[in-house]
Amino acid sequence: MSRKLRLSNEELSVLCEQVALVLRAGLPVHDGVEALCENYKGTKFEQGFNTLTITVIETGSLATGFKEAGLFPDYLISMTEIGEKTGELDVVMEELSLYYEREAANRRSIKSALFYPLLLIVMMALIISVLVTQVLPIFENVYGSFDSGSSAGWMNIAVNFGKVTLIVAGVLLLLVILLLVVLKLDGSQKVLQWLQNTIKPLRRLEQKLSAARFASTLGMMLRSGFPLEESMELIESLFTNKRLRQRVSQCRQKMEEGTAFPDAVGETGIFEPLHCRMISVGFRAGQTDRVMSKLAVLYDEEVNNSIGHLVSIIEPSLVALMSVIIGAILMSVMLPLLSIMSSIG
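Residues numbered from 1 in each chain as written. Predicted model: local features only at pLDDT ≥ 70, side-chain atom pairs only at ≥ 80, totals over all residues. Heavy atoms only, no water.

1. Concerning the packing of aromatic side chains
Taken as a whole, this structure holds 10 aromatic pairs when the rule is applied. Here Tyr75 and Tyr100 contribute two aromatic rings whose centre-to-centre distance is 6.5 Å and whose plane-to-plane angle is 75°, an arrangement assigned as edge-to-face. With Tyr75 in helix H5 (residues 74-86) and Tyr100 in helix H6 (residues 89-145), this residue pair connects regions lying 25 residues apart in the sequence. A residue is classified by how much of its surface remains accessible, and Tyr75, at 9% relative accessible area, is buried. Classification of Tyr100 as buried rests on a relative accessible area of 4%. Geometrically, the ring pair formed by Phe271 and Tyr299 is tilted, given 5.8 Å between the ring centres and 40° between the ring planes. One end of the pair, Phe271, is in the loop between helix H12 (261-268) and helix H13 (273-284); the other, Tyr299, is in helix H14 (residues 288-344), and 28 residues separate them in sequence. Per residue, the accessibility class of Phe271 equals that of Tyr299, and both read buried. (Phe/Tyr/Trp six-rings, centres within 6.5 Å; stacked < 30°, edge-to-face > 60°. Helix = DSSP H or I, 4+ residues; strand = E, 2+ residues; numbered from the N terminus. Buried < 20%, exposed > 50% of the residue type's maximum accessible area, 1.4 Å probe, protein only.)

Encoded structure:
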């Protein structure tokens, strides 16, 4: 998906909910869309929604309108096409509203997890810069008047240590900012995959996110009336995550070879063993869609808990590191002072 004008996950959730309400009220799609587009007059999305309205009136297809408007993600367009084919567009829109609501919540959690460490790094850089540029020169002049070689040596250590620490903090800050910028640009999936492959906690987090999205999408399709085999085929084309697509492909191939869905899912490792047993029970009871919806909620909760756990580790670690660095600089300042005072005594 190119980096052009797009609706946020929150806006997509609200829009899908409104479309679902329009459809449930029995209004024609083009009338409902035309009414919804009134909300975006005078905004940066006005032109796109005008295109949406015209396309829906001409073709009668909401999915085609979404595609021509250029404001919507491919996933939304594909799911809308599925809803139109099955005649369950209102159900699909309601499910998409919940999906994008969860996506927005996950994104807020990730932003929160990045914000506090970034703030601590900025604070550390500011405090150290004040110590190095304002405090240490004063003590350096004072100790220089005593003409003490040991004092000068300690001061050089303190200044150099402070400068090195300041450079490291600045580099960390730039790396975090660069990472945030790159994730906004095209190709960010490659960056994310590299980070996930490199950092083990992120890899586990990505696995849970993938499981949540797979469960949510499959449950949505099954409730919309799609057969399981056809749902698996469509899901494979919906996701951009390479690892998840490979696992879905492997699962589908096993199903084509005659393996039951719960066994195929368990062998490909999309879900944890305990959850695979839940799927097996639901599959035998004909309640696979409900089990998938339940798993989507469970994995979303696990994602939020994992993010909270990472934050709980990162924040105290940065605070401890900042305390050690500032304490070391202050000790480097105080030790010469103690040495001078003892020599005077």
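2. A look at the nonpolar core
Ranked by size, the top nonpolar core spans 60 residues in total, and within it Phe49, Leu52, Phe72, Leu96, Phe214 and Phe271 carry the most contacts. It is helix H9 (residues 200-223) that provides the largest number of residues to this core, a total of eight residues. In this structure Phe214 touches Met232, Ile235, Phe239, Leu244, Val248, Ile270 and Phe271, once residues within four positions along its chain are discounted. (Core = buried A, V, L, I, M, F, W, Y, C linked by side-chain atoms within 4.5 Å. Contact = heavy atoms within 4.5 Å.)

3. Topic: a nonpolar patch on the surface
A surface patch of nonpolar side chains, amounting to about 620 Å² of accessible area, comprises Val164, Ile167, Val168, Val171, Leu172, Leu175 and Leu178. In this structure, Val171 sits in helix H7 (residues 149-182). (Patch = residues over 30% accessible without salt bridge, like charges linked within 9 Å, V, L, I, M, F, W, Y side chains within 5 Å. Areas by Shrake-Rupley, 256 points an atom, 1.4 Å probe, with all protein chains shown as cover. Salt bridge = Lys/Arg side-chain N within 4 Å of Asp/Glu carboxyl O.)

4. Brief notes about the environment of Gln287
In this fold, Gln287 is placed in the loop between H13 and H14. Through-space distance from the C-alpha of Gln287 to that of Gly219 is 9.8 Å; in sequence the pair is 68 residues apart.

5. Considering the state of the cysteines
Per the stated rule, a full pass over the model turns up zero disulfides. For Cys251, which is in no disulfide, the shortest distance to another cysteine sulfur is to Cys276 and amounts to 9.4 Å. Its relative accessible area of 0% is what places Cys251 among the buried residues. (Disulfide = S-S within 2.5 Å.)

6. What about the environment of Leu321?
Of note, Leu321 is situated in helix H14. Given a relative accessible area of 41%, Leu321 falls into the partly exposed group. Residues Leu321 and Met124, 197 residues apart in the sequence, show an inter-C-alpha distance of 9.2 Å.

7. Brief notes about helix H3 (residues 46-59)
With 14 residues, H3 ought to run about 20 Å at 1.5 Å a step, and its terminal C-alpha atoms sit 20 Å apart, in line with that. Three or more residues of H3 are buried, namely Gly48, Phe49, Leu52, Thr53, Thr55 and Val56. Looking at the packing, one finds that the buried side of H3 touches helix H1 (9-24), helix H2 (29-37) and helix H4 (62-69). Phi turns positive one or two residues past the end of H3, at Gly60, with a value near 75°. (Expected span 1.5 Å × (residues − 1).)

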